[in-house]
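Working through the structure, step by step
The primary structure of each chain is shown beneath.
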Amino acid sequence: MIKGLIFDLDGVLVSTETNHYVAWKLIADELKIPFTEKENEKLKGLSRADSLSALLDLGKRSISHLKFKTILDYKNKIYLKSIEKINQSNLLPGVLEFIKEKHEKNHLLAVGSSSRNAHFILKKTKIDHFFTCVIDGNMVKKPKPDPEVFINASSGLGLPRSECLVFEDAESGVIAAKKGGFHVIGVGNLKIKDSCDYFIKNMGEFDLSSYEESI
Ligand code: BG6
Ligand code: MG
């Protein structure tokens, strides 16, 4: 019996994954590192700092600690500027209906995200009140692909992992959920289709009862 639903944020609940990509692309261009959506797949789900390390690895570059920190702040500035008008219309297809319905039916909902901006985004999109527990990038020692974020989310819901489902769009997130022993539903990103337990194009497609019957 599934009682808890744990959602990644960027690319699962909200369309912000593109904003992260655009900000990293700008930085990659400035650093003259070849970077396209293909390379960006490796960054999805990683913390801000791990994303910059991955970008520098791609370009076989190393920079000073100070420059590293400056770029992180710069990236967040660009990103926050790009989402300054974010609102409920930026939720991905089917999300609002799905979480409303599950909340009404007394499922426990949580967010497990690498983003340090998660609380801000949940508030701006007016869905924060649906979640019993929000674990964001400020609250974990080891970010995805480590399972800590999802383990803390299930503990926050007071549920064993076997009673929770994780929804993810990134390879690092699927690895984290699997390592943590969770069922994982892949959302939207065809690149992860084969590594998750079940795949949906968007939340509107997901039928929890049928999924429960299949496991
Ligand atoms: C993840 C995104 O949810 O959060 C990554 O998939 C992003 O692309 C990461 O880098 C960190 O986000 P933030 O908002 O803390 O820079
Ligand atoms: Mg994501």
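Let me begin by describing the structure that accompanies this report. Predicted model only: the values in this text are computed from it and were never measured. (Residues numbered from 1 in each chain as written. Chains lettered and ligands numbered in written order. Predicted model: local features only at pLDDT ≥ 70, side-chain atom pairs only at ≥ 80, totals over all residues. Heavy atoms only, no water.)

Topic: the overall build of the protein
- Counting its regular elements, the protein contains nine helices and six strands.
- Here the C-alpha atoms of the protein give a radius of gyration of 17 Å, agreeing with the 17 Å that 2.2 N^0.38 yields for 215 residues.
- Taking the principal axes of its C-alpha atoms as reference, the protein extends roughly 50 × 35 × 30 Å.
- Expressed as a percentage of its 215 residues, the buried residues of the protein come to 51%.
- In the protein, the share of contacts with a sequence separation of at least 24, taken over all contacts with a separation of at least 6, comes to 62%.
- As displayed, the protein offers around 10700 Å² of accessible surface, 53% of which is attributable to carbon and sulfur atoms. (Helix = DSSP H or I, 4+ residues; strand = E, 2+ residues; numbered from the N terminus. Rg over C-alpha atoms; globule rule 2.2 N^0.38 Å. Buried < 20%, exposed > 50% of the residue type's maximum accessible area, 1.4 Å probe, protein only. Contact = heavy atoms within 4.5 Å. Areas by Shrake-Rupley, 256 points an atom, 1.4 Å probe, with all protein chains shown as cover.)

Examining the coordination of the magnesium ion (ligand 2)
- Looking at the magnesium ion (ligand 2), the protein donor atoms are Asp8 (OD), Asp10 (O) and Asp169 (OD), and they sit 2.0 to 2.1 Å from it.
- The sequence pattern formed by the donor residues of the magnesium ion (ligand 2) is D-x1-D-x158-D. For the pair formed by Asp8 and Asp10, the shared burial category is buried. (Donors = N, O, S within 2.8 Å, 3.2 Å for Na, K, Ca; no water.)

As for the pairing of strand E1 (residues 4–7)
- The side-chain alternation of E1 yields two buried faces, one formed by Gly4 and Ile6 and the other by Leu5 and Phe7.
- Direction of pairing for E1 relative to strand E2 (residues 108–112): parallel, over a ladder of four bridges. If you follow Leu5 over to E2, its bridge partner there is Leu109.
- Sheet topology places E1 next to strand E4 (residues 164–168); four bridges connect them, and they run parallel. By the bridge assignment for E4, Phe7 is matched with Phe167. (Pairing = 2+ DSSP bridges.)

With respect to the site of ligand 1
- Residues in close proximity to ligand 1 total 15 residues, the closest being Asp10, Glu17, Ser115, Arg116 and Asn117.
- At a separation of 2.9 Å, an oxygen atom of ligand 1 approaches a polar backbone atom of Gly45.
- At a separation of 2.7 Å, an oxygen atom of ligand 1 approaches a polar backbone atom of Arg116.
- Contact with the protein chains removes 99% of the 390 Å² of surface that ligand 1 exposes when unbound.
- Across the shell around ligand 1, the residue classes tally to two nonpolar, seven polar and six charged.
- A domain split of the shell around ligand 1 shows at least three residues from each of domain 1 (4–15 + 87–214) and domain 2 (17–82). (Near = heavy atom within 4 Å. Polar contact = N/O pair within 3.5 Å; in protein donor to acceptor, adjacent residues only side chain to side chain. Nonpolar A, V, L, I, M, F, W, Y, C, P; charged D, E, K, R; others polar. Domains from an automatic or database assignment.)

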